[in-house]
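# Remarks on the overall topology
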Amino acid sequence: GPDQNRAPQPLEAFAIEELKVAGIILAGTVPYALIQTPPPNKPKHVRVGEYVGKSYGRITAITKDGVTVMETIKDTNGAWVPQEKTLQVPKEGATQ
């Protein structure tokens with residue numbers, strides 16, 4: 001199961017469905033994602049390895065198209081199982 005002894009990170013206070021990718025930034029070769037949380041919060045920078053969402057979601061990849069998050073959830077039998085989610089970067093001109 002997930003490591004429940006580590007200190008929670010700020011974006012773990014939100015459900016993954018509440019998080020939106022505002023943009024991707026490359027600092028040299030290190031990609032960062034700008035994650036927008038519900039108003040009135042300011043966007044936060046995250047990188048691979050950080051945690052987001054309430055289901056122990058760990059960022060496993062950041063590309064120009066979005067952020068891949070591996071969540072750890074309990075299945076119907078009570079076992080911890082990994083579940084991958086992708087937060088898409090909004091396409092130019094798309095409405096949200």
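The following refers to the structure shown. (Residues numbered from 1 in each chain as written. Predicted model: local features only at pLDDT ≥ 70, side-chain atom pairs only at ≥ 80, totals over all residues. Heavy atoms only, no water.)

## Quick notes on the packing of aromatic side chains
- Per the counting criterion, the structure on display carries 1 aromatic pair.
- With centroids separated by 5.7 Å and ring planes inclined at 80°, the aromatic side chains of Tyr56 and Trp80 adopt a geometry described as edge-to-face. Of the two residues, Tyr56 sits in the loop between strand E4 (51-52) and strand E5 (57-63) while Trp80 sits in strand E7 (residues 80-88), which places them 24 residues apart along the sequence.
- In this structure Tyr56 comes out as partly exposed when scored by relative accessible area, which is 23%.
- Trp80 sits in the partly exposed class, given a relative accessible area of 31%.
- The ring of Tyr51 is capped by Arg6, whose NZ or CZ atom sits 3.4 Å from the centre of that ring. (Phe/Tyr/Trp six-rings, centres within 6.5 Å; stacked < 30°, edge-to-face > 60°. Helix = DSSP H or I, 4+ residues; strand = E, 2+ residues; numbered from the N terminus. Buried < 20%, exposed > 50% of the residue type's maximum accessible area, 1.4 Å probe, protein only. Lys NZ or Arg CZ within 6 Å of the ring centre and 35° of its normal.)

## What to know about the pairing of strand E2 (residues 30-36)
- Inspection of the sheet shows strand E1 (residues 20-27) paired to E2 by 7 bridges, in the antiparallel sense. The residue of E2 that forms the bridge with Val21 is Ile35.
- Across 4 bridges, E2 lies against strand E3 (residues 44-47) in antiparallel orientation. Paired with Ile35 across the bridge in E3 is Lys44. (Pairing = 2+ DSSP bridges.)

## Brief notes about the side chain of Thr37
- Tracing the backbone shows Thr37 in the loop between E2 and E3.
- Only 3.3 Å separates the side chain of Thr37 from the side chain of Asn41, close enough to count as a polar contact.
- Ignoring anything within four residues of it in the chain, the contact list for Thr37 reads Leu11, Phe14, Glu18, Leu19 and Lys42. (Polar contact = N/O pair within 3.5 Å; in protein donor to acceptor, adjacent residues only side chain to side chain. Contact = heavy atoms within 4.5 Å.)

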